[in-house]
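# Notes for the structure review
Next come the chains, spelled out residue by residue.
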Amino acid sequence: MKLEIFCLFVLATAANTERACDNGWLPYKNHCYWFSPSPDTFHYAVIICSEKGSKLLEIKDAREEKWVLLQSRIRGYSLVWIGLTDVVDDGQYVFLSSGLTSRYSNWDKGEPGGGTIENCVGLQTKGRKWHDYLCTNKFFYVCKKPAKHFV
Ligand SMILES: [Ca+2]
């Protein structure tokens, strides 16, 4: 009897998770994340995320970043694009979706250092720091959208 109740609980939990995020998306703190199977340019990553009804990852805080790093490293990514760019005003990095500056930042020493040449931000999964890169580089990326209900 106890085992049956436990099984029901597990099933209910699994069903909840499925409703919160579509297949292929991972839930974390009220959001769903999709990890790209292949690397692409910053621009193409933005298009793919948009087509999926989501945004290229905009990191809110160190905790979320830590979780993304974990998920990225088990997939063998060495770097992921994040949705920050200074393409409009060099040196002024803003979120791609809102145009606003990020409260959280995690630049490596001497970064961003690419001037007007490098205008897109990548998170290095080994160094766990941000660097600016040529937007035409091809890196793995993460799409993010709100979960359908809180998990
Ligand atoms: Ca720049």
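Our subject is the structure listed above.
Now for a quick tour of the structure. (Residues numbered from 1 in each chain as written. Predicted model: local features only at pLDDT ≥ 70, side-chain atom pairs only at ≥ 80, totals over all residues.)

What the protein contains, in helices and strands, is three helices and eight strands. When its helices and strands are written in sequence order, the protein yields α-β-β-α-β-α-β-β-β-β-β. Taking all 151 residues of the protein together, the buried fraction comes to 25%. Considering only residue pairs separated by 6 or more positions, the protein has 62% of its internal contacts joining residues 24 or more positions apart. (Helix = DSSP H or I, 4+ residues; strand = E, 2+ residues; numbered from the N terminus. Buried ≥ 20, exposed ≤ 12 C-beta atoms within 10 Å, placed from the backbone. Contact = placed C-beta atoms within 7 Å.)

It is worth spelling out unusual backbone geometry at this point. Across the junction of Glu 111 and Pro 112, the peptide omega takes the value -5°, indicating a cis bond. The residue Pro 112 is located in the loop between strand E5 (94–95) and strand E6 (120–124) in this model. The backbone of Arg 128 shows a phi angle near 60°, a positive value even though the residue is not glycine. Topologically, Arg 128 is positioned in the loop between E6 and strand E7 (130–133).

Covered by surrounding structure in E7 are Trp 130 and Asp 132 only, the residues His 131 and Tyr 133 on the alternate face being uncovered. As judged from the four bridges shared by E6 and E7, these two strands associate in the antiparallel manner. Bridging across to E7, Val 121 finds its partner in Asp 132. What sits between the antiparallel neighbours E6 and E7 is a turn of five residues, in which Arg 128 has the positive phi angle 60°. (Pairing = 2+ DSSP bridges.)

On to helix H3 (residues 62–74), then. Taking 1.5 Å of rise per residue, 13 residues should cover 18 Å, and H3 covers 18 Å from first to last C-alpha, within 8% of that figure. Once H3 finishes, Gly 76 follows within two positions and takes phi at roughly 80°, a positive value. (Expected span 1.5 Å × (residues − 1).)

The next subject is the environment of Asp 40. With respect to the helices and strands, the residue Asp 40 is situated in the loop between strand E2 (31–35) and helix H2 (42–51). Owing to 17 C-beta atoms within 10 Å, Asp 40 belongs among the partly exposed residues under this scheme. Sequence-wise, Asp 40 and Thr 136 are 96 residues apart; in three dimensions their C-alpha atoms are separated by 8.3 Å. Residues in contact with Asp 40, not counting those within four places in the same chain, are Ala 45, Ile 48, Lys 138 and Tyr 141.

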